[in-house]
Amino acid sequence: MVDILEHPVSAHDLPDPHHEDHGPTGILKWITTTDHKVIGLSYTVTAVVMLVIGGVFAEIIRAQLASPNGTLVSLAQYNELFTMHGSVMIYLFAGPFAFGALANIMVPIQIGAPDMAYPRLNALSYWLYLTGAITMLSGFFTAGGAANFGWVAYAPLSNSLNTPGAGADLWIGGLLLTGFSAIFTGVNLVATIFYLRAPGMTMFRMPIFTWNMLVTAILILLAFPVLTAGLIMLYADRHFGTHIFSVAGGGVPVLWQHIFWFWGHPEVYILALPFFGMVTEILAVFSRKPVFGYKGMIFATLSIAALSLGVWAHHMFTTGVVLLPFFSIMSLLIAVPTGIKIFNWIGTMWRGEVWFSAAMLMAIGFVITFLIGGLTGIYLASPPLDFFTHDTYFVVAHFHSVVMALVLAGMAGLYYWGPKFTGYLLDERIGKIQFWFLFIGTQVFTLPLYLLGLRGMPRRMAIYPHDPQWKFLNDVSTVGAVLIGISTILFVVNVVVSWKKHPAGDNPWDGQTLEWFTTSPPPHHNFYRLPAIRSERPTWDYNHPEHRAIPHAPAPVTAETEPVR
């Protein structure tokens, strides 16, 4: 039973934090657990491993392109590398890290819930994700190699004639498994947020991160079944003699693009919205202020979600089969709520007592980098500019500005919430050094690619003409990729060096939301006691009664009237 606390109490009045263990320990605990925190840690470790694997692929690609006629890998191996690099980073790192790892750990704690609504389904989701990741990567060990048709798998490049072999089938199978994992996680998040909130935790008192995860989960439930259906159709074309995407049998190849991008553009925000939520929480805490425009941020998130379902064809301007004005206008409109978020983040920091911790630096780096990626996305929403830059490195640069912004936000989340679920702080000095390598490396890596695109260099090519400008810009971009690689090594070093050295305490950042009220790490059912929830900052209200958002409001619930079970 969890009590509701009205007034601060001394430490000796609280239960012993050394609570009893529940269930098995050791490796058996990790294999059999249904505890959302342990499952979230499993997601976190797996996703970070995927980040490292995808980063290694990227370093090989940049090494190949450092010279015009690079011979580090063959043309066939290059096709496999850029296909699997994109696949690992999008399908196996960014999404699972956001809505599988940190959401799994933090959402129940942020709303005062003891666990996810469906613990066993939650465990199944992780094992589907891990199995899907292994399945997709196992293509490298087949006779024909891994999938080599690009991470978007455009038909007819992805049919059995143009890409025979088991690698492509394993890619489809792996993506189906991770897709079901995402759908099950979406169901779990929606049910948890709607039905397991603590007394007093109304919808408009939920943290922004939880709101973003709710919207993300709804988008998952709308978009991922479409991709799942498309993958089944693609597999049927490859093996069962159907001709859904084949002109020869009366099919329509461009239908795959419609299916893929109807999933793919909501997917951009399925990836981005969780990181938006992380950054919003971090900027508020380290600015010592409430979130600027709390409800405005929520409605901006809802607007982004709604608009994201109607902009998929801006990826298809050059196909000649979509209505350019409509999709151009819709693509420009989605920049408005995203811009609102940028201004609200600046407003949150404005005149705040800013503490430039490693997490805060990573969050600010995210805002700057995502702004660059967002502004270039507006260019690509204009059909004439898109015609000029389509299939050039300008598009590659835009994608990587966005994805590297998400990496910065993910690192911010690890430095910020890591102490909560491990009980120990990462070294701030190493973290700040890592930030500068990551932030500078990102800009050095991506900005030359924009110029390469404007100067006509096509993407997806392993060798290129000996143009001095192309070579120089590729060399600079490769240097940036090396800096990013060093930053990743620094993070691993930080984890090893800091392991169990710097106890965090329950609230090292003087956090505002409910997760900072419980112990670090939290007990099995997350809370011994909860504060009375009167605003979106219950922990801040409890720890700073002189600054409560509603200082004279009557308590909605007390320990005597309604305990939380």
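Right above here is the structure, for reference.
The structure displayed is predicted, hence computed values, not measured ones.

Enquirer: I would appreciate a short explanation of the nonpolar core in the present structure.
Expert: Side chains that are nonpolar tend, in soluble globular proteins, to be buried together. Y91, F97, W171 and F366 are the most contacted members of the largest nonpolar core, which totals 172 residues. With 21 residues, helix α3 (residues 75-110) is the single largest residue contributor to this core.

Enquirer: Sorry, what's going on with empty space enclosed by the protein here?
Expert: If you roll a probe as big as a water molecule over the atoms, it shows you where there is empty space left. Within this structure, the stated rule accounts for four cavities of 30 Å³ or more. As a volume, the largest cavity reaches approximately 120 Å³. Tallying contributions element by element places α3 first for the lining of the largest cavity, with six residues. Each residue belonging to the lining of the largest cavity can be placed in one class, and the counts come to nine nonpolar, five polar and one charged. In this structure, the second largest cavity encloses a volume near 80 Å³. Forming the walls of the second largest cavity are P207, I208, E281, A284, V291, Y294, Q512, T513, E536 and R537.

Enquirer: Where do I start with the packing of aromatic side chains in this structure?
Expert: In this description, an aromatic ring pair is defined by two values, namely the gap between the centres and the angle between the planes. Counting across every chain of the model gives 45 aromatic pairs. For the pair W312 and F327, a centre-to-centre distance of 5.1 Å together with 70° between the ring planes defines the contact as edge-to-face. Remark: F327 occurs in helix α9 (residues 324-333) and W312 occurs in the loop between α8 (294-308) and α9; sequence separation between them is 15 residues. Their ring planes at 55° and their centres at 6.4 Å tell us that Y464 and W470 sit as a pair that is tilted. Both residues of the pair, Y464 and W470, belong to the buried class.

Enquirer: Before we go on, may I ask you to explain a nonpolar patch on the surface in this structure?
Expert: Together, L332, L371, L375, I378, Y379 and L385 make up an exposed nonpolar region whose accessible area comes to about 510 Å². It is helix α11 (residues 358-380) that provides the largest number of residues to the nonpolar patch, a total of four residues. Inspection of the secondary structure puts L385 in helix α12 (residues 383-389).

Enquirer: Sorry, what's going on with the packing of helix α2 (residues 36-65) against α3 here?
Expert: Describing two packed helices takes the angle between their axes plus the distance from one axis to the other. At a closest axis distance of 7 Å, the pairing of α2 and α3 adopts a crossing angle of 155°. In terms of axis orientation, α2 runs roughly antiparallel to α3. Every pair of crossing elements has a handedness; the one defined by α2 and α3 is left-handed. Class assignment for the residues of the contact of α2 with α3 results in 26 nonpolar, nine polar and one charged.

So, how was this worked out
- Residues numbered from 1 in each chain as written.
- Predicted model: local features only at pLDDT ≥ 70, side-chain atom pairs only at ≥ 80, totals over all residues.
- Heavy atoms only, no water.
- Core = buried A, V, L, I, M, F, W, Y, C linked by side-chain atoms within 4.5 Å.
- Buried < 20%, exposed > 50% of the residue type's maximum accessible area, 1.4 Å probe, protein only.
- Helix = DSSP H or I, 4+ residues; strand = E, 2+ residues; numbered from the N terminus.
- 1 Å grid on protein atoms, 1.4 Å probe; cavity = no way out; pocket = protein on both sides within 12 Å on 5 of 7 lines; lining within 4 Å.
- Points joined across faces, edges and corners; volume = space filled by probe spheres on them.
- Nonpolar A, V, L, I, M, F, W, Y, C, P; charged D, E, K, R; others polar.
- Phe/Tyr/Trp six-rings, centres within 6.5 Å; stacked < 30°, edge-to-face > 60°.
- Patch = residues over 30% accessible without salt bridge, like charges linked within 9 Å, V, L, I, M, F, W, Y side chains within 5 Å.
- Areas by Shrake-Rupley, 256 points an atom, 1.4 Å probe, with all protein chains shown as cover.
- Salt bridge = Lys/Arg side-chain N within 4 Å of Asp/Glu carboxyl O.
- Axes fitted to C-alpha atoms, helices over the stretch in contact; angles between N-to-C directions.
- Parallel < 35°, antiparallel > 145°, perpendicular 65-115°, else oblique.
- Left-handed = near helix turned anticlockwise from the far one by under 90°.

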